[in-house]
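# Architecture at a glance
These are the residues of each chain, in order.
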Amino acid sequence: TQLLEQSPQFLSIQEGENLTVYCNSSSVFSSLQWYRQEPGEGPVLLVTVVTGGEVKKLKRLTFQFGDARKDSSLHITAAQTGDTGLYLCAGVLNAGNMLTFGGGTRLMVKP
Amino acid sequence: DAMVIQNPRYQVTQFGKPVTLSCSQTLNHNVMYWYQQKSSQAPKLLFHYYDKDFNNEADTPDNFQSRRPNTSFCFLDIRSPGLGDAAMYLCATSRDPGATYEQYFGPGTRLTVT
């Protein structure tokens, strides 16, 4: 059992649709990050959230950190083919601990 | 632009033949990490350096070693690669092991073992 569970594992949608990806845990995290990884490349940091209830927006992407800092969501509005990739959430339990990755959500946006 | 660079991008080695992967960074970050990522899985941390201090994950096989000769460079040595070691190897850096732990990844080296 992973410390961070992501759902869904796979998602295939049409361009223009909206989607939400979830990252859940029973543990409390001091911070949580979202990365996007394209095939054959390394993960790219999208956002860091540190405060319970925090909402951050990055163009069409909206990230939310749960009030209890145990979960997070990523919502994409009007998905584009360029959004295709592996979305990874990763969290830090306490300062000085390593980053813990979720299993990832593989998103495919079809034209 | 400041970045994390990995060479080579693709490496083919023979079963049992030692191989070295390299990583360099221009971010001047104190911490450098090596991850192994197999197909469709999350990255798995092998070890990290905090400045010159080496920190090995408990389940990292002895077959994997690392060197950090200076702040900018870090190497991953696989002493006797097995078929199961074929994977993408990712190098990452962070400024320090602070509470947010933001990490910046290189493009990875895809290792094939024949």
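Please refer to the structure higher up on the page.
Being a predicted model, the structure only gives us computed values, none of them experimental. (Residues numbered from 1 in each chain as written. Chains lettered and ligands numbered in written order. Predicted model: local features only at pLDDT ≥ 70, side-chain atom pairs only at ≥ 80, totals over all residues. Heavy atoms only, no water.)

This next bit is on the overall build of chain A. When helices and strands are tallied, chain A shows 0 helices and 11 strands. Going from the N terminus to the C terminus, chain A shows its helices and strands as β-β-β-β-β-β-β-β-β-β-β. Computed over C-alpha atoms, the radius of gyration of chain A comes to 13 Å, within 12% of the 13 Å expected from 2.2 N^0.38 for 111 residues, which places it in the range of a compact globule. C-alpha atoms of chain A, sized along the principal axes, occupy 40 × 25 × 20 Å. Considering chain A as a whole, with its 111 residues, one finds that 45% of them fall into the buried category. Considering only intrachain contacts with a sequence separation of at least 6, the fraction spanning at least 24 residues in chain A is 55%. Summing over all exposed atoms, chain A offers an accessible surface of approximately 5,100 Å²; the carbon and sulfur share of this is 49%. The averaged location of the 9 negative side-chain charges in chain A is 3 Å from the averaged location of its 9 positive side-chain charges. (Helix = DSSP H or I, 4+ residues; strand = E, 2+ residues; numbered from the N terminus. Rg over C-alpha atoms; globule rule 2.2 N^0.38 Å. Buried < 20%, exposed > 50% of the residue type's maximum accessible area, 1.4 Å probe, protein only. Contact = heavy atoms within 4.5 Å. Areas by Shrake-Rupley, 256 points an atom, 1.4 Å probe, with all protein chains shown as cover. Lys, Arg positive; Asp, Glu negative; His and termini not counted. Charge placed at Lys NZ, Arg CZ, Asp CG, Glu CD.)

It is worth spelling out the pattern of salt bridges at this point. Evaluated as defined, the whole model comprises 5 salt bridges over all chains. Of the charged contacts in the structure, one is a salt bridge between glutamate 54 of chain A and lysine 56 of chain A, with a shortest N-O distance of 3.7 Å. The exposure class of glutamate 54 of chain A is buried, given its relative accessible area of 17%. Residue lysine 56 of chain A is classed as partly exposed on the basis of its relative accessible area of 31%. Note that arginine 67 of chain B is salt-bridged to aspartate 77 of chain B, the shortest N-O span being 2.7 Å. Note that arginine 67 of chain B is positioned in strand 7 (residues 64-67) and aspartate 77 of chain B in strand 8 (residues 73-78), a separation of 10 residues in sequence. (Salt bridge = Lys/Arg side-chain N within 4 Å of Asp/Glu carboxyl O.)

Bringing the side chain of serine 24 of chain B into the picture now. All names here are of chain B. Structurally, serine 24 is set in strand 3 (residues 19-25). The class of serine 24 is buried, set by a relative accessible area of 15%. Residues within four places of serine 24 in sequence aside, it is in contact with Met3, Val4, Ile5, Ser72 and Phe73.

A few words now on the sheet that holds strand 1 (residues 5-7) of chain A. One key point about sheets: their strands pair by backbone hydrogen bonds, in either a parallel or an antiparallel sense. All names here are of chain A. Sheet architecture is open: 5 strands sit in the order 1-3-8-7-6, paired in antiparallel fashion. Here the strands that pair on one side only, and so sit at the sheet edges, are strand 1 and strand 6 (55-58). Between one strand axis and the next, the sheet turns through 15 degrees on average, direction left out of account. (Pairing = 2+ DSSP bridges. Axes fitted to C-alpha atoms, helices over the stretch in contact; angles between N-to-C directions.)

Residues and elements named next belong to chain A. Leu19, Leu32, Trp34, Phe63, Leu74, Ile76 and Leu107 are the most contacted members of the largest nonpolar core, which totals 21 residues. If you list the elements that add at least two residues to this core, you get strand 3 (19-24), strand 4 (31-37), strand 5 (44-49), strand 7 (61-65), strand 8 (71-76), strand 9 (85-92) and strand 11 (105-110). Those residues in contact with leucine 19 that sit more than four places away from it in its chain are Leu11, Ile13, Leu74, His75, Ile76, Ala79 and Leu107. (Core = buried A, V, L, I, M, F, W, Y, C linked by side-chain atoms within 4.5 Å.)

Inspection of every chain in the model, using the stated rule, returns 11 aromatic pairs over all chains. The interplanar angle of 70 degrees and the centroid separation of 6.2 Å between the aromatic rings of phenylalanine 101 of chain A and phenylalanine 105 of chain B together place this pair among those described as edge-to-face. Of this pair, phenylalanine 101 of chain A sits in strand 10 (residues 99-101) while phenylalanine 105 of chain B sits in strand 10 (residues 104-105), which puts the two residues in different chains. There is no split in this pair, since phenylalanine 101 of chain A and phenylalanine 105 of chain B are both buried. (Phe/Tyr/Trp six-rings, centres within 6.5 Å; stacked < 30°, edge-to-face > 60°.)

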